[in-house]
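Structural features, examined
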Amino acid sequence: MSSSQSTPQVRKKGEKASRIRRITTSDVDRVRIVTAYENGATPTSISQILNIPISTVYGIIKMYKKTWQVAAKKRGGNRPKALSPEAIESLRRWIAEDSTITLKSLTEKVHLEHGVRVSLTTIAREVKEFKTSTAHGTSSAKSSADSTRLSKK
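Rules used in this analysis
- Here, residues in each chain are numbered from 1, in the same order as that chain's written sequence.
- It should be noted that, the model being predicted, local features are given only for residues of pLDDT at least 70 and side-chain atom pairs only at 80 or more, the latter also being counted only at that level, while totals for whole chains, interfaces and linings use all residues.
- By convention in this description, side-chain values take in all heavy atoms of the structure and omit both hydrogens and water.
- A run of H or I in DSSP becomes a helix once it reaches four residues, and a run of E becomes a strand once it reaches two; helices and strands are each numbered from the N terminus.
- For every residue, the accessible area (1.4 Å probe, protein chains only) is compared with the maximum for its type, and the residue is labelled buried under 20%, exposed over 50%, or partly exposed between those bounds.
- Here, residues are in contact when the closest pair of their heavy atoms is within 4.5 Å.
- Surface accessibility in these figures is a Shrake-Rupley result with a 1.4 Å probe; residues are shielded only by whichever protein chains are displayed.
- We call a set of buried residues a nonpolar core when its members are Ala, Val, Leu, Ile, Met, Phe, Trp, Tyr or Cys and they connect through side-chain atoms within 4.5 Å of each other.
- pLDDT measures the predictor's confidence residue by residue and takes values from 0 up to 100.
- Starting at the helix axis, one direction is taken to each C-beta atom, and the arc is that of these directions.

Let us now look at the overall build of the protein. Looking only at helices and strands, the protein features seven helices and zero strands. Starting at the N terminus, the α and β elements of the protein follow one another as α-α-α-α-α-α-α. The buried share of the protein, taken over its 153 residues, is 19%. In the protein, 47% of the contacts between residues at least 6 apart in sequence involve partners at least 24 apart. For the protein, the exposed area adds up to about 12,600 Å²; of that, 53% sits on carbon and sulfur atoms.

Rendered as structure tokens:
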């Protein structure tokens, strides 16, 4: 290997891979692409003229032919939680009853009682939220314990 050639970068253990940031083609460029295509320009020439990757030009033309829409679709969104408020309350109760219960046992109980299959990660995320809400004093159990302690004084 000569010194002019670059060596591939190797990720170290535990290091996350960087995500490729995708750039959405503007609606103005999309209209230009479709207009040029309808006027007889080839995708290759459109790509060269507008300095847009040819795969992007083909994709925009394909979507236009299929849906007759030029505007880009919205990306991402707000995904609802897999667990209902009732299931979350059940988790709180089960953990209060037995603090040594495993995540696997909790997933099985949620499935049996609420009919929802969730991953261990989902349960762990909810348990973590319990711990942070308790640490910040927003837990109802903590506030009732505090009021009991205050009434004894």
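Once you've had a look at it, read on.
Attention now moves to the nonpolar core. Residues Leu83, Ala87, Ile88, Leu91, Trp94, Leu106, Val110, Val118, Ile123, Val127 and Phe130 constitute the largest nonpolar core, which totals 11 residues. Counting only elements with at least two residues in this core, the list comes to α4 (85-97), α5 (103-114) and α6 (120-135). For this core, the element with the most residues is α4, which contributes four residues. Setting aside chain neighbours within four positions, we find Val110 in contact with Leu83, Leu91, Trp94, Gly115, Val116, Val118 and Ile123.

Confidence in the prediction of the protein, expressed as mean pLDDT, is 80, and 73% of residues score 70 or more. Under a pLDDT of 50 for its full length, residues 1-8 has, in the predicted model, two contacts with residues more than four places off or in other chains.

Bringing helix α2 (residues 43-50) into the picture now. What sets the pattern is the α-helix's 3.6 residues per turn: residues three or four places apart point alike. Buried within α2 are the following residues: Pro43, Ile46 and Ser47. Looking down the long axis of α2, one finds its buried residues gathered within 100° of arc, a one-sided arrangement. Away from the buried face of α2 by more than 90 degrees, exposed residues Gln48 and Ile49 are located. Downstream of α2 by a residue or two, Asn51 has a phi angle that is positive, lying close to 55°.

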